[in-house]
Amino acid sequence: MEIYGKEEDRAKWALHYAQVKANINQPKRTHKVTVSGKNKQGKPYSYDYKYADLADIDKAVMDGIKKATDKEGNVTFSYFFDIQTTNTAVAVQTLLVDSSGFTVKTNKIIFQNGKAYDAQATASLISYAKRYSLSGAFGIAADDDNDVQDQKTIYEPKILTKQELENYQVYYNGVQANLYDLYQEARDGIKDAQDWFKESHTPEDAQAIHQVAQIFKKKHKKTDTSKTKEKQAVLDKIQQAKKDPFEDKKMVSDADSTVDRLF
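Described in the following lines is the structure provided in the data block. Everything quoted here is computed from the prediction, not taken from an experiment. (Residues numbered from 1 in each chain as written. Predicted model: local features only at pLDDT ≥ 70, side-chain atom pairs only at ≥ 80, totals over all residues. Heavy atoms only, no water.)

### Brief notes about the overall build of the protein chain
- Summing up its helical and strand segments, the protein chain has eight helices and nine strands in all.
- Taken across its 263 residues, the protein chain has 30% of its residues classed as buried.
- Within the protein chain, contacts between residues separated by at least 24 positions form 55% of all contacts whose residues are at least 6 apart in sequence.
- For the protein chain, the accessible area works out to roughly 17,700 Å², and carbon and sulfur atoms hold 52% of it. (Helix = DSSP H or I, 4+ residues; strand = E, 2+ residues; numbered from the N terminus. Buried < 20%, exposed > 50% of the residue type's maximum accessible area, 1.4 Å probe, protein only. Contact = heavy atoms within 4.5 Å. Areas by Shrake-Rupley, 256 points an atom, 1.4 Å probe, with all protein chains shown as cover.)

Here it is, written out as structure tokens:
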């Protein structure tokens, strides 16, 4: 979450946001979809659930906004979207704007886009991301909370190859970045990079992050082991240097030799 504006306007923002939210009526779930498939045990399932689409949610929010006005009848609060698209993903954030100018930007909703070449499919994905972002911003329950949905197959991201990891791109501050480089920046102490890893991520990104972390951990362990060996080698050389170089050439008297043999 990002915040913009003067600190003295934060209270106004909070008040107006609360007024809008209090005036929002949960939208009716007028759309229905059937979901079917197989769970992890191979057992088939099928169920229906209803949901409110983006237009329904937008109407509910705008109705709440229209009711939250100042003494002159002016609207005091609004919102708009920040949309980012690449050839692999779609990201949407909702900006909650107060009349004072104080603005709160929600966390990113990111969906992988496997059909970036298809304009219609990309537009649908953007609408889907908007729906999730706007619902979360104003606490709207846009879907049925149906226990039968627990039967859905749990999505398990695939294990990425070394080549895929080296080329893996993520969204970072509105642009694409190489995950390897970003992880190194976080290890080097760059706060923005560290903060990015603390955010929520898509299952695919989370899997890639986990694998990259393991690779760095192994590299770090090898480096530590190598440094330990180098340090030990230096210590051995120091100890060797302290020895008397003529120790093995010392003459042993016959008397000493005779005494030694007694023991």
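### Re the packing of aromatic side chains
- Per the counting criterion, the structure on display carries 14 aromatic pairs.
- Ring centres 5.9 Å apart and planes at 50° place the aromatic pair Y17 and F77 in the tilted group. One end of the pair, Y17, is in helix α1 (residues 10-22); the other, F77, is in strand β4 (residues 77-85), and 60 residues separate them in sequence. This pair shows no difference in class: Y17 is buried, exactly as F77 is.
- The rings of W13, Y17, F77, Y79, F81, F102 and F138 are connected pair by pair, giving a single aromatic cluster. (Phe/Tyr/Trp six-rings, centres within 6.5 Å; stacked < 30°, edge-to-face > 60°.)

### Describing the nonpolar core
- One finds V61, L96 and F138 to be the most contacted residues of the largest nonpolar core, which totals 20 residues.
- Taken together, the elements giving at least two residues each to this core come down to α1, α2 (54-67), β4 and α3 (119-138).
- The element best represented in this core is α2, accounting for four residues.
- Counting 19 residues, the second largest nonpolar core, distinct from the first, contains L165, Y183, A193 and A213. (Core = buried A, V, L, I, M, F, W, Y, C linked by side-chain atoms within 4.5 Å.)

### Details of the packing of helix α5 (residues 179-187) against helix α6 (residues 191-198)
- Taken N-terminus to C-terminus, the directions of α5 and α6 make an angle of 115°; their axes are 7 Å apart at the nearest point. Considering their axes alone, α5 and α6 lie roughly perpendicular with respect to each other. Note on packing geometry: the crossing formed by α5 with α6 is left-handed. Contacts between α5 and α6 involve L179, L182, Y183, E185 and A186 on the former and, on the latter, A193, Q194, W196 and F197.
- The residue inventory of the contact of α5 with α6, partitioned by class, reads seven nonpolar, one polar and one charged. (Axes fitted to C-alpha atoms, helices over the stretch in contact; angles between N-to-C directions. Parallel < 35°, antiparallel > 145°, perpendicular 65-115°, else oblique. Left-handed = near helix turned anticlockwise from the far one by under 90°. Nonpolar A, V, L, I, M, F, W, Y, C, P; charged D, E, K, R; others polar.)

### Quick word on the pattern of salt bridges
- Evaluated as defined, the whole model comprises four salt bridges.
- Across the pair K59 and D63 runs a salt bridge, and its minimum N-O distance is 3.0 Å. Of the two residues, K59 and D63 both sit in helix α2, four residues apart, roughly one turn of that helix.
- On the accessibility criterion, K59 (54% relative accessible area) is exposed. (Salt bridge = Lys/Arg side-chain N within 4 Å of Asp/Glu carboxyl O.)

### Focus: α5
- Every buried residue of α5 is accounted for by L179, Y180, L182, Y183 and A186. Angular distribution of buried residues about the axis of α5 spans 165°; they occupy a single face of the element.
- One side-chain oxygen of the residue at the start of α5 lies 2.9 Å from the amide nitrogen of Y180, identifying that residue as N178.
- Where α5 ends, the next residue or the one after it, G189, has phi of about 95°, a positive value. (Arc of directions from axis to C-beta. Polar contact = N/O pair within 3.5 Å; in protein donor to acceptor, adjacent residues only side chain to side chain.)

### Remarks on the side chain of H16
- Tracing the backbone shows H16 in helix α1.
- Not counting chain neighbours up to four residues away, the residues in contact with H16 comprise T76, F77, D98 and S99.

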